[in-house]
Amino acid sequence: MLLEHLNHKLKAIADQDLTRVLRVAESATAPLQTVRGADGQARQLLMFCSNDYLGLAAHPQVVDAFAEGARLYGAGSGASHLISGHGLAHDTLERALAAWVEPQIPHAQALFFCTGYMANLAVISALGDEKAEIFSDELNHASLIDGCRLARAPVQRYAHKDMAALQTLLAASQAKVKLIVTDAVFSMDGDLAPLDELLALAEAHDAWLIVDDAHGLGVLGAQGRGTLSHFGLRSERLILMGTLGKAAGVAGAFVAAHPTITQYLLQAARSYIFTTAAPPAVAHALLKSLEIIASDEGDQRRANLVRLQAQLRAGIERLLAAYPQLGWQRVPSDTPVQPLIIGENGATMHLAARLDAAGLRVPGIRPPTVPKGTARLRITLCATHTEADIQRLLQALNEAAAELASESP
Ligand SMILES: *Cc1c(COP(=O)(O)O)cnc(C)c1O
């Protein structure tokens, strides 16, 4: 019965063009990567899909630090943080992260988690107890949504970035603890949450603002300190979740906040307490990543990213102007996440397959990851891309658009 039931569900997924497939990357994360497809063939593809925005995942100094960390501390941590898994590398990293966040959150302390997903589950479910009420942007990342599901607090969803709606909800709330939860950079759209307005609302309504900066950390703000720094914010009411597997190039995440909050999380955050601490080498490598992110080299990488974003944006605007009949749309974004909305699931996957045949990997993103009718190519850029790479992508998109335009009546 189970297999029959699942086969039925798999068919329904396939009928909506929603089947997801795994590909095997055979070489390190980089713009040019060898990837084995479903047909078993390995091919070199030009990738526009990783979140390794600064190109640190295979940076020689980060790789060396990883190897050094393993030599110094071994491969595994052996236990959870509160038993014996919390080593010198984890401790040093947490202190470095706290110092990193201090300009935005006075007296911040940081806790290092194995993944951003786990950090979001922890912070929302632990703080969102029966005395709390949670206010969540409708386009928040799945891990924030799952954190809300685990919380005991009631959850109010507000329309994407609708500050008036949020204000109404906050004003009506009787809860003792009010938690506003938002992506800083929305992961499928690349747009920024109005963090300045959100913080002002939090202050006006005695609420706390939980910010998920998975896509801003390393990319935005002075020295890549993230979206809070980009907005020039500083407040004790901020609770920051940052991930370390994207621009930082390694793995893991952290929550930084007022010491009372982090001390409470240490007692109550189940996905911190009941899991084996990340390998110490991960923390050791991240110390090197943070150093590079804040350095002149980090600035150069970010400057390159901004140039590439501008080149892509200009090219896509020309493309949309040339083929308005296709109904494709750009989402205004000043981040390395540059979506091109196609609309239908089938058309989106068809276009992704066509780019794949041309040697380019640009993932098609479909519901439920994005709202129905807004299936899209999620183009992401890395500092290690070149102008010629962007040109190649634009040319392939133009060829596909020309062909589609001539096919449609
Ligand atoms: C990727 C992502 C996460 C999850 O982080 P991991 O470290 O990959 O588990 C959380 N929030 C957002 C917005 C993300 O994009």
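Refer to the preceding data block for the structure.
Summary of the structure given here. (Residues numbered from 1 in each chain as written. Predicted model: local features only at pLDDT ≥ 70, side-chain atom pairs only at ≥ 80, totals over all residues. Heavy atoms only, no water.)

**A word on the packing of aromatic side chains**
Right, so step 1: For the structure shown, the criterion picks out one aromatic pair.
Right, so step 2: Measuring from centroid to centroid gives 5.2 Å for F113 and Y272, while their planes differ by 65°, and the two rings are edge-to-face. Of this pair, F113 sits in strand β4 (residues 109-113) while Y272 is found in helix α11 (residues 270-273), placing the two residues 159 residues apart along the sequence.
Right, so step 3: According to the relative accessible area criterion, F113 is buried, its value standing at 2%. (Phe/Tyr/Trp six-rings, centres within 6.5 Å; stacked < 30°, edge-to-face > 60°. Helix = DSSP H or I, 4+ residues; strand = E, 2+ residues; numbered from the N terminus. Buried < 20%, exposed > 50% of the residue type's maximum accessible area, 1.4 Å probe, protein only.)

**So, the packing of helix α4 (residues 88-101) against helix α12 (residues 280-293)**
Right, so step 1: With their axes 8 Å apart at the nearest point, α4 and α12 run at an angle of 30° to one another. The orientation of α4 with respect to α12, classified from their angle, is roughly parallel. The element α4 and its partner α12 pack so that their crossing is left-handed. Where α4 abuts α12, its residues A89, H90, T92, L93, A96, L97 and W100 lie against P280, A283, H284, L286, L287, L290 and I293.
Right, so step 2: Within the contact of α4 with α12, the residues separate by chemical class into 11 nonpolar, three polar and no charged. (Axes fitted to C-alpha atoms, helices over the stretch in contact; angles between N-to-C directions. Parallel < 35°, antiparallel > 145°, perpendicular 65-115°, else oblique. Left-handed = near helix turned anticlockwise from the far one by under 90°. Contact = heavy atoms within 4.5 Å. Nonpolar A, V, L, I, M, F, W, Y, C, P; charged D, E, K, R; others polar.)

**Focus on the side chain of S80**
Right, so step 1: Assignment of secondary structure puts S80 in the loop between α2 (60-73) and α3 (81-85).
Right, so step 2: The class of S80 is buried, set by a relative accessible area of 13%.
Right, so step 3: Once residues within four sequence positions are removed from consideration, S80 is found in contact with G85, H86, I273, T275, T276 and A277.

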